[in-house]
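Observations on the model geometry
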Amino acid sequence: MRQHIRPRSGRWKVAGALALMSALVATACSSGSSDADSGPSGEGQDPVRGGTLDIAYFPDNPTFSCVDPFQTYWIEHRSVIRNVADSLTDQNPDTGEIVPWLASKWEISTDGLDYTFTLRDGVTFSDGAPLDAAAVKTNFDAFVALAKSSSGTAFGASYILGLESTTVVDPQTVTFHFTQPNSSFLQATSTTNLALLSPASFQKTSEERCLGNFAGSGLFVLDNYTPGQSLTLSRRAGYNWGSSLSKNTGEAYLDAVKYTYVAEDSVRTGNLVSGAVDIAWPRNPLTVEDQELIKSSGGYIEARSLPGVSNTLFPNVTAGKPLSDPKVRQALYQATDLSTNAATVFGPDYPVVAGAFNSTTPYFQSQADKLGFDPDAAGQALDAAGWTLAPGSQYRAKDGKQLTLTLPVVGQFAAGNELLQDQWRQVGIDLQLKVVTQAEAVGIYKSGDYDLVGTYFTRADPGALQFILVEALANQKALAHNATTPEVAAQIQQLFVQATQTTDEAQTKQAYDDLQALLIDQGVTFPLFERQQLVGLSNKVNGFRFTSESFMSLNDTWIQQ
């Protein structure tokens, strides 16, 4: 579903723009066309085959260059993978329903321990190997081995928790056996991280697969991946097993796709409006000014919230820390103006976060009524906690110690922090922003030398939060340990058990409803922003579609010649 974002009036402030950008801005401002609705030029027409789609991407991961489905978290690469490697199932982005794809049907045992999938006939990998039960077993045996050898740090490890064995029943039937029920596994089979590769791909090392040395069954073939520079795909001849969620289940309309990495947001937008690329894909939301520029140049915007954990702060509640007091944690909610933050940082149409999860996450329940801005109430809560404002003082103090909270900030994840700092200052809280590298951040988490830390997790399943808050599963175990008391941690873990170790849909929903309320009631999560993927497109790009993970499906995409 397309979300048309209409441009807003205002001054142009595109920092660091090239001379071409300045000229285009001036033209757009003087043309008076900024209020015109725009969209794909071929809407309602029959698709046309041919052409290369040029996409300018947010920069490549500088610390882990990897396009192997099971290993990578980088969302841009997962968007590429979606068009190179297919999955057993697919997930409807509108309803969250799991639908058949490479598997035509499945059965789940009454005890929730066995998942049996029947595969569709005639599917092959791009190296010619059949996609049969033996190939599926090769994939999942390799996944389990890599999860163990990486000590669980391979990203896909979180999707196969409790998987004990994979059995070939017959050439088209495969059964997965778990040591304990894992109701989120069905959704996991729809993700890019459990996308399937040819058996020969696993004769390569994990490092070789990271660099694209593998064969998938998707509608495109990965031809080349040069980390930090570019990535190219070409159409797979004979492809005819696309997901039913696509209108086109056969060969791609496009001949090829080329991705380049562009660091500057303004340059990426400039390349789009000048016609040098067809799609500008940023990591952070497009600015209001860039949206206006794209619209006024005839392009259009697609937008969808990323499912999973929202842009959220997690506290350090260990003894002696200010946030060990629940009254102080409650004051943070009341001191934070989420609506103003969203509008100021990202624009007046930007959605306001309403809980620990983004709104596109299945089982999402808004907690907005608990997140209202009330600085007077915040001040009262802080007074009750013993943090008072002396006459003439800017910040509160208790027992001669100033109320100072430290937030480590890693590079690009700093949006809105100064605004938050100012809001909390109004109620007497000194928020110190400490800019650190990713490596430094890990050390800070382990030492506990912080009061708040921001993170998120992209997955169309609320179980994603386990890998932040459940210490036994979390990548950053110190962060999970520090985020709440042992008693509340036990409640959180039990709710995840109730949600995931059952085949009763009503029980899963109730557990996730209770979890989302608990996270706010106990001051475990402090949501700051809904995470939204905005994409700028040339009007000659037709058939754009977001997947349930808010990645890009290219099955229906074609270029107006």
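Please refer to the structure higher up on the page.
The model shown is predicted, which means the values in this text are computed figures rather than measured ones. (Residues numbered from 1 in each chain as written. Predicted model: local features only at pLDDT ≥ 70, side-chain atom pairs only at ≥ 80, totals over all residues. Heavy atoms only, no water.)

**Details of the overall build of the protein**
When helices and strands are tallied, the protein shows 16 helices and 24 strands. Against the globule reference of 24 Å for 561 residues, the protein gives a C-alpha radius of gyration of 24 Å, in line with a compact fold. Viewed in the frame of its principal axes, the protein has a C-alpha envelope of about 75 × 65 × 40 Å. Here the protein holds 561 residues, and 55% of them are scored as buried. (Helix = DSSP H or I, 4+ residues; strand = E, 2+ residues; numbered from the N terminus. Rg over C-alpha atoms; globule rule 2.2 N^0.38 Å. Buried < 20%, exposed > 50% of the residue type's maximum accessible area, 1.4 Å probe, protein only.)

**Thoughts on empty space enclosed by the protein**
Evaluated as defined, the whole model comprises 5 cavities of 30 Å³ or more. A volume near 70 Å³ is recorded for the largest cavity. In terms of lining residues, the largest cavity is bounded by Arg82, Asn83, Asp90, Trp101, Ser243, Ser246, Arg545, Thr547, Ser553 and Asn555. Here the residues of the lining of the largest cavity are counted per class, giving 1 nonpolar, 6 polar and 3 charged. (1 Å grid on protein atoms, 1.4 Å probe; cavity = no way out; pocket = protein on both sides within 12 Å on 5 of 7 lines; lining within 4 Å. Points joined across faces, edges and corners; volume = space filled by probe spheres on them. Nonpolar A, V, L, I, M, F, W, Y, C, P; charged D, E, K, R; others polar.)

**Regarding the pattern of salt bridges**
Summed over all chains, the structure comprises 12 salt bridges. Between glutamate 76 and arginine 283 there is a salt bridge whose closest N-O contact spans 2.6 Å. With a gap of 207 residues between them, glutamate 76 in helix α2 (residues 75-81) and arginine 283 in the loop between β11 (279-281) and α7 (288-296) connect regions that are remote in the sequence. Its relative accessible area of 0% is what places glutamate 76 among the buried residues. Here aspartate 383 and arginine 396 are joined by a salt bridge, their closest N and O atoms 2.7 Å apart. (Salt bridge = Lys/Arg side-chain N within 4 Å of Asp/Glu carboxyl O.)

**Observations concerning the sheet that holds strand β6 (residues 163-170)**
One open sheet accounts for 4 strands, arranged β4-β5-β7-β6; its pairing is antiparallel. Single-partner strands in this sheet number two, and they are β4 (103-108) and β6. Taking each pair of neighbouring strands and ignoring which way they run, the sheet shows an average axis angle of 20 degrees. Here helix α3 (residues 133-149) sits on the sheet and contacts β5 (114-119), β6 and β7 (173-178); the angle it forms with β6, its principal contact strand, is near 170 degrees. (Pairing = 2+ DSSP bridges. Axes fitted to C-alpha atoms, helices over the stretch in contact; angles between N-to-C directions. Contact = heavy atoms within 4.5 Å.)

**Digging into the packing of aromatic side chains**
In total, this model carries 29 aromatic pairs according to the counting rule given. Taking 5.1 Å as the distance between ring centres and 75 degrees as the angle between the ring planes, the aromatic pair formed by tyrosine 115 and phenylalanine 185 counts as edge-to-face. In this pair, tyrosine 115 is assigned in strand β5 and phenylalanine 185 in helix α4 (residues 185-188), connecting sequence segments 70 residues apart. We note that tyrosine 115, like phenylalanine 185, is buried. Ring pairs connect the aromatic residues Phe70, Trp106, Tyr115, Phe117, Phe140, Phe143, Phe176, Phe178, Phe185 and Phe202, which therefore count as one cluster. Over the aromatic face of tyrosine 159 sits the side chain of arginine 459, whose NZ or CZ is 4.2 Å from the ring centroid. The ring of tyrosine 456 has arginine 531 sitting right over it, with the charged end atom 3.6 Å from the ring centre. (Phe/Tyr/Trp six-rings, centres within 6.5 Å; stacked < 30°, edge-to-face > 60°. Lys NZ or Arg CZ within 6 Å of the ring centre and 35° of its normal.)

**Considerations on the side chain of glutamine 291**
Structurally, glutamine 291 is set in helix α7. The class for glutamine 291 is buried, based on a relative accessible area of 3%. For glutamine 291, the side chain forms a polar contact with the main-chain oxygen of leucine 286, separated by 3.1 Å. (Polar contact = N/O pair within 3.5 Å; in protein donor to acceptor, adjacent residues only side chain to side chain.)

**Remarks on helix α12 (residues 438-447)**
Looking at α12, one finds that the buried residues are Ala441, Ile444 and Tyr445. Projected down its long axis, α12 carries its buried residues within an arc of 100 degrees, all on one side. Facing away from the buried side of α12 by over 90 degrees, the exposed positions are Ala439, Lys446 and Ser447. For α12, the elements touching its buried residues are β16 (404-410), β17 (430-436), β18 (452-458) and α14 (477-482). In the segment just after α12, glycine 448 is the residue with positive phi, at about 75 degrees. (Arc of directions from axis to C-beta.)

**Things to note about the state of the cysteines**
Among covalent bonds in proteins, the disulfide is the one between the sulfur atoms of two cysteines. For the coordinates displayed, the defined rule picks out 1 disulfide. Across a sulfur-sulfur distance of 2.1 Å, cysteine 66 and cysteine 210 are joined as a disulfide pair. The S-S bond linking cysteine 66 to cysteine 210 shows a torsion near -75 degrees; that makes this disulfide left-handed. With cysteine 66 in the loop between β1 (52-57) and α2 and cysteine 210 in helix α5 (residues 206-210), this residue pair connects regions lying 144 residues apart in the sequence. The same class applies to cysteine 66 as to cysteine 210, namely buried. (Disulfide = S-S within 2.5 Å.)

**Details of the pairing of β4**
Here β4 runs beside β5; their pairing, made up of 5 bridges, is antiparallel. Across the sheet, residue alanine 103 finds its bridge partner in β5, namely leucine 119.

**Some points on unusual backbone geometry**
A positive phi angle, close to 55 degrees, is found at aspartate 399, a residue other than glycine. By the element assignment, aspartate 399 lies in the loop between β14 (397-398) and β15 (401-402). Residue classification places aspartate 399 among the exposed positions, given a relative accessible area of 77%.

**Topic: the sheet that holds strand β19 (residues 526-529)**
The 3 strands are arranged β18-β13-β19 in an open sheet whose pairing can be described as antiparallel. The open sheet is flanked by β18 and β19, the only strands paired with a single partner. Looking at each pair of strands side by side, their axes are set apart by 35 degrees on average, direction ignored. Pairing analysis gives 3 bridges linking strand β13 (residues 308-315) to β19, with the strands arranged antiparallel. Within β19, the residue paired with leucine 313 across the bridge is phenylalanine 526. The strands that helix α8 (residues 326-335) touches are β13, β18 and β19; relative to β19, the one it contacts most, it runs at about 20 degrees.

**What about the side chain of glutamine 423?**
By secondary structure assignment, the location of glutamine 423 is in helix α11 (residues 417-425). Here glutamine 423 falls in the buried class, since its relative accessible area comes to 10%. Only 3.1 Å separates the side chain of glutamine 423 from the backbone nitrogen of aspartate 337, close enough to count as a polar contact.

**So, the nonpolar core**
Ranked by internal contacts, the top residues of the largest apolar core, which has 102 residues, are Phe140, Ile160, Phe176, Phe185 and Tyr259. Residues contacting tyrosine 259, with those up to four places away along its chain left out, are Ile55, Tyr57, Val80, Asn83, Gln229, Ser230, Leu231, Leu233, Met552 and Leu554. Within the second largest apolar cluster, 44 residues are counted, among which are Leu286, Ala303, Phe346 and Trp387. (Core = buried A, V, L, I, M, F, W, Y, C linked by side-chain atoms within 4.5 Å.)

**Here we look at the pairing of strand β9 (residues 230-235)**
Pairing of strand β8 (residues 220-226) with β9, which is carried by 6 bridges, proceeds in the antiparallel orientation. Following the sheet pairing, tyrosine 225 is matched in β9 by leucine 231. Linkage of β8 to β9, two consecutive antiparallel strands, is achieved through a turn of 3 residues, within which glycine 228 is found at a positive phi near 80 degrees. Pairing analysis gives 5 bridges linking β9 to strand β10 (residues 256-261), with the strands arranged antiparallel. Its bridge partner being in β10, leucine 231 is matched across the sheet by tyrosine 259.

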